[in-house]
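Next come the chains, spelled out residue by residue.
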Amino acid sequence: MAAAARHSTLDFLLGATADCNAVLKALQPIFQEQGMTETVHNWEDHGYLATYIKKNGSFANLRIHPHGLVLVDLQSYNDHIKGREEVDQLLNKVEERMKELFHGNIKRVKRLPAILRGGVIDRYWPTADGRLVEYDIDEVVYDEDSPFQNIKILHSKQFGNILILSGDVNLAESDLAYTKAIMGSGKEDYTGKEVLILGGGDGGILYEIVKLKPKMVTMVEIDQMVIDGCKKYMRKTCGDVLDNLKGECYQVLIEDCIPVLKRYAKEGRMFDYVINDLTAVPISTSPEEDSTWEFLRLILDLSMKVLKQDGKYFTQGNCINLTDALTLYEEQLSRLYCPVEFSKETVCVPSYMELWVFYTIWKKQTDI
């Protein structure tokens, strides 16, 4: 198995313009001592790029910008301790030489943790608003492709097992806050109520609601493999509720929820609560072009048709920073077949590492 590539960086923001040639000459010996082959490119008014290549395939790029930014990128293929120490020593020498050269005229020195690329364990997952997060993943617990999506369950030292569907962090064992929020944050009385859950294959919502003595909970999940993975590896989230598809007060249907909603609407079946755990509000702000927006509108309309007049619809929104997408979602609520009102709540979901918005939607009461 090939070694993973370790990408290390060191940045200097100078307090003045840089003498590119002087910087290059000061740093050249450090790389040459490593037996690296040098290639130098220079552009008038755009500084220097020096590339240093080692016989084992490791390389370093030294980019010197005349306005005062000096960047070092080093990629190596030795992930053992000795290899990491050699990289750290080289970067330490570069930092020392730069401080000697500029005598305190450096505004900022920044060395980021090394990024490991191509490793067996993928620790890097973006937040909803596009920021890169490195998780403390130490084990791939489950990794399978279903007919609908890729399903990963990865173990995090602080969050426990994390369910990731097609690259999207869904839920970790630490994330009871998510489940509580999408159920109404403890403000609802589910005793003797009819509840419909759309999605929810991790079993977290179902597990928490059956504790509250509902009359019947119907969960509609399209992907049996999500249930199979979670009932084995996410038991802190779902308990034993997914061991059987039917219980005293619940049933799990392995179906596409849209035909089920249409059937229930035709039959006149109504629910006190509908909980949509299918998908977040899309990041796209072009609902006319994005099929996910069409899907959300369809789910909303169908859900309203099976929701009792005094019932409530719960769903996740997206991260709080995606204000345009959230505003657009709220605009969609005014376009449903029946008038609705809504409230929203912002919750910290531990494994998301960002604040998340949840919606409560209900039919507008009309005066008689």
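Since this is a predicted model, take the numbers as computed values, not measurements. (Residues numbered from 1 in each chain as written. Predicted model: local features only at pLDDT ≥ 70, side-chain atom pairs only at ≥ 80, totals over all residues. Heavy atoms only, no water.)

Visitor: Can you walk me through the overall build of the chain in this structure?
Guide: The helix and strand tally for the chain stands at 9 helices and 20 strands. Computed over the C-alpha atoms, the radius of gyration of the chain is 27 Å, more than 25% above the 21 Å expected from 2.2 N^0.38 for a compact globule of 368 residues. On the principal axes, the C-alpha backbone points of the chain span a range of 85 × 45 × 30 Å. Put simply, of all contacts in the chain between residues at least 6 apart along the chain, 61% involve residues at least 24 apart. Entry remark: accessible area of the chain is about 18300 Å², with carbon and sulfur atoms responsible for 49%. (Helix = DSSP H or I, 4+ residues; strand = E, 2+ residues; numbered from the N terminus. Rg over C-alpha atoms; globule rule 2.2 N^0.38 Å. Contact = heavy atoms within 4.5 Å. Areas by Shrake-Rupley, 256 points an atom, 1.4 Å probe, with all protein chains shown as cover.)

Visitor: Which parts of the structure should I look at to understand the nonpolar core?
Guide: Most often, soluble globular proteins have nonpolar side chains that are buried together. Leu-206, Ile-209 and Ile-275 are the most contacted members of the largest nonpolar core, which totals 51 residues. With near-sequence residues (within four places) excluded, Ile-209 lies in contact with Met-183, Tyr-190, Val-195, Ile-197, Pro-214, Val-217 and Ile-275. Among the nonpolar cores identified, the runner-up in size contains 30 residues, and Leu-196, Leu-253, Met-304 and Leu-336 belong to it. (Core = buried A, V, L, I, M, F, W, Y, C linked by side-chain atoms within 4.5 Å. Buried < 20%, exposed > 50% of the residue type's maximum accessible area, 1.4 Å probe, protein only.)

Visitor: Would you mind showing me how to read the packing of helix α1 (residues 20–32) against helix α2 (residues 81–102) here?
Guide: For any two helices packed against each other, one specifies the inter-axial angle together with the distance between the axes. It is the contact of α1 with α2, at a shortest axis distance of 10 Å, that shows an interaxial angle of 150°. Taken together, α1 and α2 sit at an angle that is classed as roughly antiparallel. The chirality of how α1 crosses α2 is right-handed. Contacts between α1 and α2 involve Ala-22, Val-23, Ala-26, Leu-27, Pro-29, Ile-30 and Phe-31 from the first element and Leu-90, Lys-93, Val-94, Arg-97, Met-98, Leu-101 and Phe-102 from the second. (Axes fitted to C-alpha atoms, helices over the stretch in contact; angles between N-to-C directions. Parallel < 35°, antiparallel > 145°, perpendicular 65-115°, else oblique. Left-handed = near helix turned anticlockwise from the far one by under 90°.)

Visitor: What should I look at first to understand the sheet that holds strand β17 (residues 271–277) in this one?
Guide: Backbone hydrogen bonds are what pair the strands of a sheet, in a parallel or an antiparallel way. Reading across from one edge, β16-β15-β14-β17-β18-β20-β19 is the order of the 7 strands in this open sheet, with mixed pairing throughout. What marks the edges here is a single partner per strand, and that holds for β16 (250–253) and β19 (340–349). Strand after strand, the sheet turns through a mean of 15° between neighbouring axes, direction not considered. Taken together, the 10 bridges between β19 and strand β20 (residues 354–363) define a ladder with antiparallel strand orientation. Across the sheet, Ser-343 pairs through a bridge with Thr-360, a residue of β20. Relative to strand β18 (residues 307–319), helix α8 (residues 291–306) is tilted by about 155°, and along the sheet it contacts β14 (194–199), β17, β18, β19 and β20. (Pairing = 2+ DSSP bridges.)

Visitor: Whenever I open this one, the sheet that holds strand β11 (residues 150–156) confuses me. Can you help?
Guide: Taken in spatial order, the 4 strands make up an open sheet running β10-β11-β12-β13, and their pairing is antiparallel. Across the chains shown, the open sheet's two edge strands, defined by having one partner strand only, are β10 (137–145) and β13 (168–172). Here the strands of the sheet are splayed against their neighbours by 25° on average, with no regard to which way each runs. Relative to β11, β10 runs antiparallel, the two being bridged by 7 bridges.

Visitor: Teacher, can you tell me more about the pairing of β13 here?
Guide: Every regular strand shows the same layout, with side chains that alternate between the two sheet faces. Alignment of strand β12 (residues 160–165) against β13, held across 4 bridges, turns out to be antiparallel. Paired with Leu-163 across the strands is Leu-171, a residue of β13. A loop of 2 residues connects β12 with β13, the two strands running antiparallel in sequence, and Ser-166 in this loop sits at a positive phi of about 50°.

Visitor: Where do I start with the packing of aromatic side chains in this structure?
Guide: The geometry of an aromatic ring pair is captured by two quantities: the separation of the ring centres and the angle between the planes. All told, the structure shown has 11 aromatic pairs when counted by the stated rule. Here the aromatic rings of Tyr-142 and Tyr-233 are separated by 5.8 Å at their centres, their planes lie at 45°, and the arrangement is tilted. With Tyr-142 in strand β10 and Tyr-233 in helix α5 (residues 224–233), this pair connects stretches of sequence that are 91 residues apart. Between Lys-305 and the ring centre of Tyr-337, over which it is positioned, the NZ or CZ distance is 5.5 Å. (Phe/Tyr/Trp six-rings, centres within 6.5 Å; stacked < 30°, edge-to-face > 60°. Lys NZ or Arg CZ within 6 Å of the ring centre and 35° of its normal.)

Visitor: How should α5 be read in this particular structure?
Guide: For an α-helix the count is 3.6 residues per turn, leaving residues at separations of three or four pointing the same way. The set of residues buried in α5 consists of Val-226, Ile-227, Gly-229 and Cys-230. Each buried residue of α5 lies within a common arc of 170° when the element is viewed along its axis, so the set occupies one face. Tucked inside the fold, the buried residues of α5 contact β10, β11, β12, β15 (216–220), α6 (235–238) and β16. The backbone nitrogen of Met-225 has a side-chain oxygen 3.0 Å away, supplied by the residue at the start of α5, namely Asp-223. (Arc of directions from axis to C-beta. Polar contact = N/O pair within 3.5 Å; in protein donor to acceptor, adjacent residues only side chain to side chain.)

Visitor: What exactly am I supposed to notice about the pattern of salt bridges here?
Guide: Any two side chains of opposite charge can pair, so long as their charged atoms come close to each other. Going through the model one piece at a time under the given rule, you end up with 15 salt bridges. Its salt-bridge partner being Arg-263, residue Glu-255 comes within 3.8 Å of it at the nearest N-O pair. Classification of Glu-255 by relative accessible area gives partly exposed; the value is 29%. Take Arg-263: its relative accessible area is 33%, and that puts it in the partly exposed class. In the salt-bridge network here, residues are joined through shared partners; they are Glu-95, Lys-99 and Arg-111. (Salt bridge = Lys/Arg side-chain N within 4 Å of Asp/Glu carboxyl O.)

Visitor: What's the story with the domain arrangement of the chain in this structure? I'm lost.
Guide: Accessible area lost upon the coming together of the parts serves often as the stated size of an interface. For the chain, the assigned domains read domain 1 (5–117) and domain 2 (174–363). Distance between the C-alpha centres of domain 1 and domain 2: 50 Å. (Domains from an automatic or database assignment.)

Visitor: Got a minute to help me understand the UniProt feature "active site" (unreviewed entry) in the chain in this structure?
Guide: With numbering aligned to this structure, UniProt lists the feature "active site" (unreviewed entry) at Asp-277. Residue position: Asp-277 is located in strand β17. Aside from chain neighbours lying at most four places away, what touches Asp-277 is Tyr-178, Ile-182, Leu-198, Gly-199, Gly-200, Asp-202, Ile-205 and Gln-316. Within the local environment of Asp-277, its side chain forms a polar contact with the side chain of Tyr-178, the two groups lying 2.5 Å apart. (UniProt positions renumbered as here; feature names shortened; annotations may be inferred.)

Visitor: Before we go on, may I ask you to explain the environment of Gly-167 in this structure?
Guide: Considering the arrangement of structural elements, one finds Gly-167 in the loop between β12 and β13. Sequence spacing of Gly-167 and Lys-215 is 48 residues, and the spatial spacing of their C-alpha atoms is 36 Å.

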